[in-house]
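# A structural walkthrough
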Amino acid sequence: MFDFDQWIDRRPTRALKWLKYEGTDILPMWVADTEFKAPPAVIEALSERVEHGIFGYSRPTPALTELIITRLRERYGWEIQADWLVYMPGVVPALNLACQTFSEPGSHILMPRPIYYPFLHAPGFHGRKAAHVEMVEKDGRWLLDLESLERQAKDSELLLFCNPHNPGGTIYTREELQAINDIARRHNLVVCSDEIHCDLLLDEGKPHVPYAAIDQDAADRSIILMAPSKTFNIAGLCCSFAVVPNQALRTRFIRAARGIMADVNLLGFVAAEAAYAGGEEWLQAQLDYLRQNRDLLVERLNGVPGVRVLSPEATYLAWIDISALKLDDPIGFFEQAGVGLSPGGQFGGSDFVRLNFGCPRAMLDEALHRMIAAINSR
């Protein structure tokens, strides 16, 4: 019913992902959007709204808010209230707003490393300093070093968190989140948790647990960032939301946004509502397709000497350890082979590269073929 094998030419659309390698034969496997056409329900709703022809300022419908409340309850067992929702034009702006709101100039902001690169940049944008808590491998998964978190928490006010983890793909368990929150409680940290990949769960039977859903203490100290953008490939429409249960934190967050945070555009609202109302069948089909892509990638790359990748539990991103290859310029090496990857150093892991496998299988197969051939011919 949904053709994820269809290879759609995005080059005429000025797509960021493809524009980087314009005029070359390099396959772009870097920035985190997919090569999949959005759900039919989204396309139909946008077409209808465009046909209306007037594109003035807009607000979310009560139906969208109710869809989010119902979704969080039914998918994650998390009961929220409508006034906890703060609509935002993106998770990255919201992340930066949290840095500005919940820390003082010159202070340290804690975050895992490696991590989605806007985390690394955000403290410096606002006159703060980044304090890194290393991710460690444990039983085939990437987890926070809790001893490091405990040591550094006493000098910080804010923890930036990412669940599921980007780029490692970890789905944190309730027990793992509880251990992190025990430290946050002892040191009175505000926790801003980026959960934009929470619908993209590849390991069946491993549920997503929102950080704020652990217990009342976690709810009282957290800002949860979510969006339909990665789930339904509508990132360019810029609609996300923060869930802030604590009224005092929410009031500070909203006040800090005044005059500097843009409103969500009306097509973003339309797409979000349509995706949540009518995109579930498409999402389940996409997840099945991504699981097969992931398994193909893990099997192929782990068969190459000098390459190692842990199977991501979530997201469509693979965090690939190439340290044993001892490449002076990993990105240049793979670009020469015709594959454009994200540099690991951008995320705080210079011995790695990140590959986006949210694409038709033929594209992934060709990228893997090029990478493996280049490695084997060194």
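Data block above holds the structure.
Note that the coordinates shown come from a computational prediction; the quantities given were computed from them, not determined experimentally.

Further remarks concern the environment of Ile 26. Relative to the helices and strands, Ile 26 resides in the loop between helix 1 (16-19) and strand 1 (27-28). Relative accessible area serves as the criterion here: at 14%, Ile 26 is assigned to the buried category. Remark: the alpha-carbon pair of Ile 26 and Leu 72, spanning 46 residues in sequence, is separated by 39 Å. Each residue touching Ile 26, except ones within four places of it in the same chain, is listed here: Tyr 21, Glu 335, Gly 338, Val 339, Gly 340 and Arg 370.

What follows deals with the sheet that holds strand 7 (residues 190-194). Spatially, 2-9-8-7-6-3-4-5 is the arrangement adopted by the eight strands of the open sheet, whose pairing is mixed. Unpaired on one side and paired on the other, strand 2 (85-88) and strand 5 (141-144) mark the two borders of the sheet. Averaged over all pairs of adjacent strands, the angle between their axes in this sheet comes to 25°, without regard to strand direction. Pairing geometry for strand 8 (residues 222-226) and strand 9 (residues 240-243), over three bridges, is antiparallel. Its bridge partner being in strand 9, Met 226 is matched across the sheet by Phe 241.

Here four strands make up an open sheet; going across it, the order is 10-11-14-13 and the pairing antiparallel. Sheet topology places strand 10 (308-309) and strand 13 (342-343) at the edges, where each strand pairs with a single neighbour. Note: strand 13 against strand 14 (residues 352-356), two bridges, orientation antiparallel. Of the residues in strand 14, the one forming a bridge with Ser 342 is Arg 354.

This brings us to the packing of aromatic side chains. Taken as a whole, this structure holds 17 aromatic pairs when the rule is applied. When the ring of Tyr 87 is compared with that of Phe 269, the centres are 5.6 Å apart and the planes differ by 85°; the resulting orientation is edge-to-face. A residue pair is termed long-range when its members are at least 10 positions apart, and Tyr 87 in strand 2 and Phe 269 in helix 11 (residues 266-278) qualify at 182 residues. Look at Trp 319 and Phe 352: their rings are 4.7 Å apart centre to centre, the planes differ by 5°, and that puts the pair in the stacked class. Within this pair, whereas Trp 319 is found in strand 11 (residues 317-321), its partner Phe 352 is found in strand 14, the two being separated by 33 residues in sequence. The class for Phe 352 is buried, based on a relative accessible area of 14%. Geometry around Trp 30 places Lys 20 over its ring, the cationic atom sitting 4.4 Å from the centre.

What follows deals with the packing of helix 4 (residues 91-101) against helix 10 (residues 247-257). Between helix 4 and helix 10, whose axes approach to 10 Å, the crossing angle comes to 110°. Comparing their axes, helix 10 and helix 4 come out roughly perpendicular. Across the interface between the two elements, Ala 94, Leu 97, Ala 98, Gln 100 and Thr 101 of helix 4 pack against Arg 252, Phe 253, Ala 256 and Ala 257 of helix 10.

The omega torsion of the bond from Arg 113 to Pro 114 falls at 5°, within 30 degrees of zero and hence cis. Positionally, Pro 114 belongs in the loop between strand 3 (108-113) and helix 5 (117-125). Across the junction of Asn 163 and Pro 164, the peptide omega takes the value -5°, indicating a cis bond. Assignment of secondary structure puts Pro 164 in the loop between strand 6 (156-162) and helix 7 (174-186). Positive phi is not limited to glycine here, since Asn 233 has a value of about 55°. You can see Asn 233 is positioned in the loop between helix 9 (229-232) and strand 9. Positive phi outside glycine occurs at Lys 326, with the angle close to 55°.

Analysis parameters
- Residues numbered from 1 in each chain as written.
- Predicted model: local features only at pLDDT ≥ 70, side-chain atom pairs only at ≥ 80, totals over all residues.
- Heavy atoms only, no water.
- Helix = DSSP H or I, 4+ residues; strand = E, 2+ residues; numbered from the N terminus.
- Buried < 20%, exposed > 50% of the residue type's maximum accessible area, 1.4 Å probe, protein only.
- Contact = heavy atoms within 4.5 Å.
- Pairing = 2+ DSSP bridges.
- Axes fitted to C-alpha atoms, helices over the stretch in contact; angles between N-to-C directions.
- Phe/Tyr/Trp six-rings, centres within 6.5 Å; stacked < 30°, edge-to-face > 60°.
- Lys NZ or Arg CZ within 6 Å of the ring centre and 35° of its normal.
- Parallel < 35°, antiparallel > 145°, perpendicular 65-115°, else oblique.

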